[in-house]
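Residue strings, one per chain:
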Amino acid sequence: MNAPTRLPTPTVSLVRLNDPNEAARIESFVREHGGSVFHRPLWLHAIERGTGQEAMGLALERAGRLAAWLPLTLIHSPLFGRALVSSGFGVGGGVLAERRQDAETLCRTAEELALRSNASSIELRGGVAPSDWQTTSTSHCNFVGDLATSDEAQLLAIPRKARAEVRKGLNGDFSIAVGADEADRAAHYAVYAESVHNLGTPVFPRGLFDAVLDGFGAEADILTVRHRGEPVASVLSLYHDDGNGLAVMPYWGGGTFAARGLRANERMYYELMFHARRRGCTRFDFGRSKTGSGPYHFKKNWGFEPEPLIYSSWNAPGVAARNINPTDASYARKIELWKRLPLPLANAIGPYIARGLG
């Protein structure tokens, strides 16, 4: 009888990602193991450049072969404290590993790293976590589905009620532009900043969007809807292989106050589906939404099925987790006050707050 094969002893190292060869090796690992955009060193680098939050990661190897990877952003905020986040400013992440044991090993190492870094918590947006960590699958859902094979089929794939809203948008006096030059970026930021201000939340730094666009190059772009020359809806999208095909992910998008009545958001997402298909995409990753929220129902009404996301967290002994949930009741008054701020003032202050959310 043959004895069971013993695996080589694993070694875990902290990766700072400033070595291009090491970053390229991890990019290959992510691609080969079906990782997300948010597992990529490219994403971590862009976040660091755009927000100043430190990019790093933990790599587990056996006999010189990479076997597990945990992307991390060390988030620091005077308002919200310090946390290790996988992955910073992403909706996915967590450990990417071939074996559960390796994933748990990286999580335990992350606990030690958090304590050394004076971080009060670790947040994993996906992946495996130890059984004594807090885990939830009810807070957020993701929405992803196949694109249709033609324009007409795409319209018919949208359920009747939402399709009627799209048809209204198709009849609007709109022009559509796709690109990533300064005019595209300025229009997107103006629209996005107004959109999040209307929701009562601070806007991210313009530098974050610039860093993502510069870092991803042809794998990112902006689609903007203009009404009589004025931008009313705009979205920054990422393109990636989700393991089932090339997918477009509309990531940072929004509309002005006028967009709702004009059905500009409906037109924007419908046009993005066309644009993505022309780029060779077969999948539409509508992204995550908080379960039961307005955006959750909007995406569901478009025919996308919610897929619960598994998020896990660890807190240092005796320390409460940071609270960055805008729907928490404790933020209700602050949100209402923020909505009343003049937009130029909110845009000036907001990035200093938002870069600490992660």
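Up top you'll find the structure we're talking about.
Just so it is clear, the model here is predicted, and its values are computed rather than measured.

Asker: Please clarify how the packing of helix H5 (residues 160-170) against helix H9 (residues 264-278) should be interpreted in this entry.
Answerer: In a pair of packed helices, the angle between the axes and the distance between the axes together describe the arrangement. At their nearest, the axes of H5 and H9 sit 8 Å apart, and the two run at 90° to each other. Of the possible angle classes, the one that applies to H5 and H9 is roughly perpendicular. Of the residues in H9, those in contact with Glu165, Val166, Gly169 and Leu170 of H5 are Glu266, Arg267 and Tyr270.

Asker: How do you make sense of the nonpolar core when you look at a structure like this?
Answerer: Membership of the largest hydrophobic core comes to 49 residues, with the highest contact counts inside it found for Trp43, Trp69, Val212 and Trp252. It is helix H7 (residues 206-216) that contributes the most residues to this core, six residues altogether. Those residues in contact with Val212 that sit more than four places away from it in its chain are Trp43, Ala46, Leu236, Leu238 and Trp252. Counting 30 residues, the second largest nonpolar core, distinct from the first, contains Cys141, Ala233, Ala264 and Cys281.

Asker: Any chance you could explain helix H6 (residues 182-199) here in plain terms?
Answerer: Spacing of three or four residues puts side chains on the same side of an α-helix, whose turn is 3.6 residues. The terminal C-alpha atoms of H6 lie 26 Å apart, and with 18 residues this matches the ideal 26 Å at 1.5 Å per residue to within 8%. Here H6 has its buried residues at Asp184, Arg185, Ala187, His188, Tyr189, Val191, Tyr192, Ala193, Ser195, Val196 and His197. Just past H6, the residue Gly200 takes up positive phi, approximately 85°.

Asker: Honestly, the side chain of Glu123 in this entry has me stumped. Any pointers?
Answerer: Among the structural elements, Glu123 can be located in strand S6 (residues 121-124). Side-chain polar atoms of Glu123 contact the side chain of Arg125, separated by 3.3 Å. The contacts of Glu123, once residues within four sequence positions are left out, are Ala83, Leu84, Val85, Ser86, Ser312 and Arg322.

Asker: Sorry, what's going on with the pattern of salt bridges here?
Answerer: Where side chains of opposite charge bring their charged atoms close, a pairing between them can arise. Counted according to the given criterion, the structure contains 25 salt bridges. A salt bridge links Arg100 to Glu104, with the shortest nitrogen-to-oxygen separation between them at 3.1 Å. On the criterion of helical spacing, the pair formed by Arg100 and Glu104 is a turn pair, its members being four residues apart in helix H3 (residues 100-116). In this structure, Arg279 and Asp221 form a salt bridge, with 3.5 Å as the shortest nitrogen-oxygen distance. Within this pair, whereas Arg279 is found in the loop between H9 and strand S13 (283-290), its partner Asp221 is found in strand S10 (residues 220-227), the two being separated by 58 residues in sequence. Classification of Arg279 as partly exposed rests on a relative accessible area of 34%. For Asp221, a relative accessible area of 5% puts it in the buried group. Ionic contacts of the salt-bridge type, sharing partners, join the residues Glu182, Arg185, Arg206, Asp210 and Asp214 into one network.

Asker: I keep staring at the sheet that holds S13 and nothing clicks. Help me out?
Answerer: Neighbouring strands of a sheet are bound in pairs by backbone hydrogen bonds; such pairs are parallel or else antiparallel. Overall, mixed pairing links the seven strands, which are arranged S9-S10-S11-S12-S13-S8-S14 in an open sheet. The two strands at the open ends of the sheet, each matched to only one other strand, are strand S9 (174-179) and strand S14 (306-308). Ignoring which end each strand starts from, the neighbouring axes of this sheet average 30° apart. One ladder, built from six bridges, connects S9 with S10; its direction is antiparallel. Note on S10: the bridge partner recorded for Ser175 is Arg226. Relative to strand S11 (residues 230-241), H7 is tilted by about 45°, and along the sheet it contacts S10, S11 and strand S12 (246-255). Docked against the sheet, helix H10 (residues 294-301) engages strand S8 (140-146), S13 and S14, running at close to 150° with respect to S13.

Parameters at a glance
- Residues numbered from 1 in each chain as written.
- Predicted model: local features only at pLDDT ≥ 70, side-chain atom pairs only at ≥ 80, totals over all residues.
- Heavy atoms only, no water.
- Axes fitted to C-alpha atoms, helices over the stretch in contact; angles between N-to-C directions.
- Helix = DSSP H or I, 4+ residues; strand = E, 2+ residues; numbered from the N terminus.
- Parallel < 35°, antiparallel > 145°, perpendicular 65-115°, else oblique.
- Contact = heavy atoms within 4.5 Å.
- Core = buried A, V, L, I, M, F, W, Y, C linked by side-chain atoms within 4.5 Å.
- Buried < 20%, exposed > 50% of the residue type's maximum accessible area, 1.4 Å probe, protein only.
- Expected span 1.5 Å × (residues − 1).
- Polar contact = N/O pair within 3.5 Å; in protein donor to acceptor, adjacent residues only side chain to side chain.
- Salt bridge = Lys/Arg side-chain N within 4 Å of Asp/Glu carboxyl O.
- Pairing = 2+ DSSP bridges.

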